[in-house]
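So the chains spell out like this:
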Amino acid sequence: MFKDVIEKANISLYKLSKESGVSYTCINELFRGERTIEECQLKTVKNIADCLNLSIDKLYKKAMECNTKMPKDLKKCFWDTDIKKLDIQKDYIYIISRLLEMGGYDGLVFVLNTYTYEQIKNVGICSRNISNKTASFLSNTYNIKKEKMAFYKNAITDWREI
């Protein structure tokens, strides 16, 4: 998260705002996780990157690297997995599926703050390891046609088919 980038740079939010010319409100929202670097205009990202002596690409990568830490309270969702071997980005389909199923509100917030729209949508398309409720949520929220979703392919929709 952006917060980790700022803390590592050892700069106050106020000083970053003044030196970059980016509003304190924007910097504070980034710091608190209410806004992501991807949601900012390119000029804003460039000004922040310049102030931190980073390229835009490095700033983005550093912000994404910081998203590799899973909150402790969500680790219980992976009781059957060696959590140390999970890569937040490479294993995103498994992680998103599991957190949407078992992570509750905190899991949903983590997913929305950590992964891109396309990654979450891709889970809706590819994952068979979700419930009907989660499949419906992803279908409705990300406008995915049910016939494109792995969950609905070959799904038993009528108990008489058993």
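Draft legend 1. Representation of helix H9 (residues 132-141) within the structure. Buried residues of H9: Thr134, Ala135, Leu138 and Ser139, and no others. Within H9, the buried residues cover an arc of 135° as seen down the axis, which keeps them to one side. With respect to the buried face of H9, the exposed residues turned more than 90 degrees away are Lys133 and Asn140. Residues of H9 that are buried in the fold lie against helix H6 (92-102) and helix H8 (117-126). Phi turns positive one or two residues past the end of H9, at Asn143, with a value near 55°.

Draft legend 2. Structural detail: helix H4 (residues 42-51). Buried residues of H4: Thr44, Val45, Ile48, Ala49 and Cys51, and no others. Each buried residue of H4 sits inside an arc of 165° when the element is viewed along its axis, so together they form one side. Structural note: H4 exposes Leu42 and Lys43 on the side pointing more than 90 degrees away from its buried face. Looking one or two residues beyond H4, the residue adopting positive phi is Asn53, at roughly 60°.

Draft legend 3. Broad picture of the environment of Glu29. For Glu29, the location among the structural elements is in helix H3 (residues 24-32). It is 27 Å that separates the C-alpha atoms of Glu29 and Ser97, two residues lying 68 residues apart in sequence. Setting aside residues up to four positions removed in sequence, Glu29 forms contacts with Glu34 and Arg35.

Draft legend 4. Region of the structure containing the nonpolar core. Residues Ile95, Ile96, Leu99, Tyr115 and Leu138 are the most contacted members of the largest nonpolar core, which totals 24 residues. Contributing elements (two or more residues each) for this core: H6, helix H7 (104-114), H8 and H9. In terms of residue count, the dominant contributor to this core is H6 (five residues). Counting 21 residues, the second-largest nonpolar core is a separate cluster that includes Leu13, Cys26, Ile48 and Cys51.

Criteria and thresholds
- Position numbers for residues count from 1 along each chain, tracking the sequence in the order it is written.
- It should be noted that, the model being predicted, local features are given only for residues of pLDDT at least 70 and side-chain atom pairs only at 80 or more, the latter also being counted only at that level, while totals for whole chains, interfaces and linings use all residues.
- Only heavy atoms go into the side-chain values, all of them from the structure, while hydrogens and water stay out.
- We call a residue buried when its accessible area falls under 20% of the maximum for its residue type, exposed when it is over 50%, and partly exposed in between, using a 1.4 Å probe and counting protein chains only.
- In this text, helices come from DSSP runs of H or I with a minimum length of four residues, and strands from runs of E with a minimum of two, each type numbered from the N-terminal end.
- Directions drawn from the helix axis to the C-beta atoms are what define this arc.
- Contacts are assigned to residue pairs that have any heavy atoms within 4.5 Å of one another.
- Side-chain atoms within 4.5 Å are what join buried Ala, Val, Leu, Ile, Met, Phe, Trp, Tyr and Cys residues into a set we call a nonpolar core.

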